[in-house]
Amino acid sequence: MNIYFVSLGCDKNLVDSEMMITGLRKAGHCIIDNEQEADIIVVNTCCFIGDAKEESINTLINMGEFKTYGKCKLLVACGCLAQRYHKEIREQIPEVDVIIGTMSYEALNEAIDECLLHEGETKECLESIDYLPDNSEVERVVTTGNHMAYLKIAEGCDKRCSYCIIPKIRGRFRSVPMQELLNEAKRLASEGVKELVLVAQETTLYGKDLTGEKQLPLLLHELCKIEGIEWIRLLYCYPEEITDELIKVIKTEEKVCNYIDMPIQHSENRILQRMGRRTSREDLVAVIKKLRKEIPDITIRTTLITGFPGESQEDHEGLMNFVEECQFDRLGVFTYSPEEDTLAATFEDQIDEEVKEERRDELMSLQQEISYEHTQQLVGKTIKVMVEGYLFEDDIYVGRSYMDAPKVDGCVFINSPEELMTGDFVYVKITQGREYDVIGEVDYEFTK
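None of the values given here were measured: they were computed from a predicted structure.

Q: Which parts of the structure should I look at to understand the nonpolar core?
A: The nonpolar side chains of a soluble globular protein tend to be buried, and buried together. Grouped together as the largest cluster of nonpolar side chains are 58 residues, with contacts concentrated most on I153, L196, L198, L216, L219, L220 and L223. Among the elements that take part in this core, helix α8 (residues 178-190) stands out by supplying six residues, more than any other. Residues within four places of I153 in sequence aside, it is in contact with S175, V176, L181, L198, V199, A200, T203, Y206, L216 and L219. With 37 residues, the next largest nonpolar core counts C47, A77, C157 and Y238 among its residues.

This is the structure we're talking about:
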């Protein structure tokens, strides 16, 4: 069967999509890039915030039209929206034939086979969300190119922030056994992967559930021993869990990028408490200062939520001042989205959407100024860059430095008279800085 696959949401969801694609291919199906020619359409959904939920619903509805106007025989809904709203999908989107929950992707092939065999029959697979699939023998198909791959080191979360639905759709925190991760990383390296991006709902607690101790530093040490891997990047590090040992590993292991994604969500103590966060403004300032003292060239990325229930103008101004003080290298802002079955959705002092958007725009405008100043400081410097592609219309290559995570950060645009290959590392002398991106040319004095 020809299958068209849509993966929505975060990089963690993408890893699940890659696992499903792997299983589909092993079962003899062909993954195609034309939905009109697909016999089966699979949508791996997201519902973390309202916009993601809306995108997932619209995608399912749009894909459902190919059952009438295309060749589609089966429409499959997978992932977070399918787990959380399986009853609503069944009632309101009848075009969906198969529903696969977040921890049930191993059942996808069997469910498809049953529905194809029994025309008109629907199938729903919703394993316990505290189940952790055994992928130790699975050779995952990587959809991000041969040069980089995401390595999901854990599933679920125990933090239970008042605004977050993740524990209810992804379950409790479970670490993937270290040997399984090392085996996967070795296989990826053997296939040409040079950058590993470590992801989870929270990476910093890795191993705590298995051994009683945080084992992320040990995992990093072991991953650094793998031949072929040149960059290892950390995402989703909770600030209160960043230890001196972890900082030391980032500082001393050459393969670990001097980069950390540290979602803080807010800076004002009253709002942090209402969010159920386990940190304070003073704690955040302390960990940021420590990171920059120990690793002067570290790039710190964070995310913020604006318009949380009860957030006053004073709270917003305090957050603006905090962003100005901390000078984050990378920053994203979400407007608060009230999610069903979360404590924060029951708070009475909800903020108007217009106010949320105004505050988001103010924060992003400030960050744009900060980011521009940072890119200007790179002009004249030579930095190591991984080539990611070529833009024919602009006759320029595009890549990333250690300061840039894929999909969420800026790019390095590279002028080169010689052909560059995706996945190659080159040294680029920066000639121009924009708000988020930089432009440069290959520095052949460093690039051999």
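Q: Looking at this model, I keep getting lost on the pairing of strand β10 (residues 195-199). Mind explaining?
A: When you tally the buried positions in β10, you get five out of five residues, the bulk of the element. Alternating positions in β10 separate into two faces, E195, V197 and V199 on one and L196 and L198 on the other, with burial throughout. Note: β10 against strand β11 (residues 231-234), four bridges, orientation parallel. Residue pairing across strands places L198 opposite L234, the latter belonging to β11.

Q: I'm lost on the packing of aromatic side chains in this one. Help?
A: Aromatic rings in a pair are described by how distant their centres are and how their planes are angled relative to each other. Overall, the coordinates contain seven aromatic pairs when judged by the stated rule. Judged by centre distance (4.9 Å) and plane angle (70 degrees), the rings of W231 and F425 are edge-to-face. Taken together, the residues W231 in strand β11 and F425 in strand β18 (residues 425-433) connect sequence positions 194 residues apart. Given a relative accessible area of 17%, F425 falls into the buried group. Joined through ring pairs, the aromatic side chains of Y163, F308, Y336 and F347 make up one cluster. Between K384 and the ring centre of F425, over which it is positioned, the NZ or CZ distance is 4.6 Å.

Q: Can you walk me through the sheet that holds β10 in this structure?
A: Hydrogen bonds between backbone atoms are what pair the strands of a sheet, whose relative direction is either parallel or antiparallel. Ordered by their spatial adjacency, six strands build an open sheet running β7-β10-β11-β12-β13-β14, and the pairing between neighbours is parallel. With one partner strand each, in any of the chains shown, β7 (148-152) and β14 (330-335) form the two edges of the open sheet. Pairs of neighbouring strands in the sheet enclose a mean axial angle of 20 degrees, with direction left out of account. By the bridge criterion, five bridges tie β7 to β10 in an arrangement that is parallel. Within β10, the position partnered with A149 by the bridge is L196.

Q: Mind showing me how you'd approach the packing of helix α13 (residues 281-294) against helix α14 (residues 313-326) here?
A: For any two helices packed against each other, one specifies the inter-axial angle together with the distance between the axes. Axis separation between α13 and α14 bottoms out at 12 Å; the angle between their running directions is 15 degrees. Relative to α14, the element α13 is oriented roughly parallel. Note on packing geometry: the crossing formed by α13 with α14 is right-handed. For the pair α13 and α14, contact is made by R281, L284, V285, I288 and R292 and by G318, N321, F322, E325 and C326, respectively. Tallied by class, residues from the contact of α13 with α14 come to five nonpolar, two polar and three charged.

Q: Got a minute to help me understand the pattern of salt bridges in this structure?
A: In a structure, side chains of opposite charge can pair up when their charged atoms sit close to one another. This structure, assessed with the given rule, holds 38 salt bridges. A salt bridge links K67 to D97, with the nearest nitrogen and oxygen atoms 2.8 Å apart. Placement of K67 in helix α3 (residues 66-69) and of D97 in the loop between α5 (86-92) and β5 (98-100) is noted, with a sequence separation of 30 residues between them. Note on D97: relative accessible area 10%, which makes it buried.

Q: Hey, could you run me through the layout of surface pockets in this one?
A: Any space left empty among the atoms is revealed by the rolling of a water-sized probe across them. Taken as a whole, the largest pocket holds about 1,300 Å³ of empty space. Taken together, 45 residues make up the lining of the largest pocket; nearest its centre are C10, K12, F48, Y236 and F334. For the lining of the largest pocket, the elements supplying multiple residues, two or more each, are α1 (11-26), α2 (50-64), α7 (166-170), β13 (299-306) and β14. Per-class residue counts for the lining of the largest pocket are 24 nonpolar, nine polar and 12 charged. The volume enclosed by the second largest pocket comes to roughly 340 Å³. Lining the second largest pocket are 17 residues, and of these D329, Q377, L378, Y402 and M403 sit closest to its centre. Broken down by secondary-structure element, the contributors of at least two residues to the lining of the second largest pocket are α15 (353-378) and β15 (382-391). Among the elements that make up the lining of the second largest pocket, the one with the highest residue count is α15 (five residues).

Definitions and cut-offs
- Residues numbered from 1 in each chain as written.
- Predicted model: local features only at pLDDT ≥ 70, side-chain atom pairs only at ≥ 80, totals over all residues.
- Heavy atoms only, no water.
- Core = buried A, V, L, I, M, F, W, Y, C linked by side-chain atoms within 4.5 Å.
- Buried < 20%, exposed > 50% of the residue type's maximum accessible area, 1.4 Å probe, protein only.
- Helix = DSSP H or I, 4+ residues; strand = E, 2+ residues; numbered from the N terminus.
- Contact = heavy atoms within 4.5 Å.
- Pairing = 2+ DSSP bridges.
- Phe/Tyr/Trp six-rings, centres within 6.5 Å; stacked < 30°, edge-to-face > 60°.
- Lys NZ or Arg CZ within 6 Å of the ring centre and 35° of its normal.
- Axes fitted to C-alpha atoms, helices over the stretch in contact; angles between N-to-C directions.
- Parallel < 35°, antiparallel > 145°, perpendicular 65-115°, else oblique.
- Left-handed = near helix turned anticlockwise from the far one by under 90°.
- Nonpolar A, V, L, I, M, F, W, Y, C, P; charged D, E, K, R; others polar.
- Salt bridge = Lys/Arg side-chain N within 4 Å of Asp/Glu carboxyl O.
- 1 Å grid on protein atoms, 1.4 Å probe; cavity = no way out; pocket = protein on both sides within 12 Å on 5 of 7 lines; lining within 4 Å.
- Points joined across faces, edges and corners; volume = space filled by probe spheres on them.

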